[in-house]
Amino acid sequence: MRNVEDTYTNIPTIFEIKIREHGWIHDVHLHLSTEAEPIPVEWKGYVRYKDGHRSSIFRLHYTFKNAMSKQEAVFHYFIEGIEHVCESIVFDVYELYE
């Protein structure tokens, strides 16, 4: 579990993950503690590194409806049919204009 900086309501929070390409990446979702169902995350491109490998970039813009503490987010995806679950991210949501 990782703690991250606070996120805010009234503006979108960007959730992003870079996944090293070891095969076909599919069904990338974000599980948020505020939502009952996982949210699909869109592919936005890739980055190529000097050692020759590539990572795909997946990004989601999400606006929280109200302030909350101790929220959790977890990325979940498949590579060539093998399920991967990332370390959870714990954060607080604050009103931007209090």
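Residues numbered from 1 in each chain as written. Predicted model: local features only at pLDDT ≥ 70, side-chain atom pairs only at ≥ 80, totals over all residues. Heavy atoms only, no water.

Trainee: Looking at this model, I keep getting lost on the packing of aromatic side chains. Mind explaining?
Mentor: Aromatic ring pairs: the centre-centre distance and the angle between the two ring planes describe each pair. This model, assessed by the stated rule, comprises four aromatic pairs. For the pair Phe 15 and Phe 64, a centre-to-centre distance of 6.4 Å together with 70° between the ring planes defines the contact as edge-to-face. In this pair, Phe 15 is assigned in strand β3 (residues 13-20) and Phe 64 in the loop between β7 (54-62) and β8 (68-79), connecting sequence segments 49 residues apart. Residues Phe 15 and Phe 64 agree in their burial class; the two are buried. Taking relative accessible area as the criterion, Phe 64 reaches 3% and is therefore assigned buried. Above the plane of the ring of Tyr 46 lies Arg 54, whose end atom (NZ or CZ) is 3.7 Å from the centre. (Phe/Tyr/Trp six-rings, centres within 6.5 Å; stacked < 30°, edge-to-face > 60°. Helix = DSSP H or I, 4+ residues; strand = E, 2+ residues; numbered from the N terminus. Buried < 20%, exposed > 50% of the residue type's maximum accessible area, 1.4 Å probe, protein only. Lys NZ or Arg CZ within 6 Å of the ring centre and 35° of its normal.)

Trainee: For this particular structure, what's the right way to read the pattern of salt bridges?
Mentor: Note that side chains of opposite charge can pair when their charged atoms are close. Under the defined criterion, the tally for this structure stands at three salt bridges. The residue Glu 42 makes a salt bridge to Lys 44 at a minimum N-O spacing of 3.3 Å. For Glu 42, a relative accessible area of 51% corresponds to the exposed category. (Salt bridge = Lys/Arg side-chain N within 4 Å of Asp/Glu carboxyl O.)

Trainee: Would you explain the nonpolar core in this entry?
Mentor: Burial of nonpolar side chains together is a common tendency in soluble globular proteins. By size, the foremost hydrophobic cluster in this structure holds 20 residues, and its most contacted members are Phe 15, Ile 19, Leu 30, Leu 32 and Phe 91. When residues of this core are traced back to their parent elements, those giving at least two are β3, β4 (25-32), β7, β8 and β10 (89-94). Sequence-distant contacts of Leu 30, that is, excluding residues within four places in its chain, are made with Phe 15, Pro 38, Ile 39, Val 41, Leu 60, Ala 73, Val 74 and Phe 75. (Core = buried A, V, L, I, M, F, W, Y, C linked by side-chain atoms within 4.5 Å. Contact = heavy atoms within 4.5 Å.)

Trainee: Just to check I follow, could you spell out the side chain of His 26 for this structure?
Mentor: Inspection of the secondary structure assignment puts His 26 in strand β4. In this structure His 26 comes out as buried when scored by relative accessible area, which is 15%. A polar contact of 3.3 Å, which involves the side chain of His 26, links it to the side chain of Asp 27. Those residues in contact with His 26, other than ones at most four positions away along the chain, are Tyr 77, Phe 78, Glu 80 and Gly 81. (Polar contact = N/O pair within 3.5 Å; in protein donor to acceptor, adjacent residues only side chain to side chain.)

Trainee: How should unusual backbone geometry be read in this particular structure?
Mentor: Leaving glycine out, the prevailing phi sign among residues is negative, and the prevailing peptide bond configuration is trans. Of note, the phi angle at Asp 27 is positive, near 55°, even though the residue is not glycine. Its location among the elements puts Asp 27 in strand β4. The class for Asp 27 is partly exposed, based on a relative accessible area of 45%. If you check the backbone angles, Glu 80 has positive phi at about 50° while not being a glycine. Take Glu 80: it is sitting in the loop between β8 and β9 (82-85). Given the relative accessible area of 52%, Glu 80 is considered exposed.

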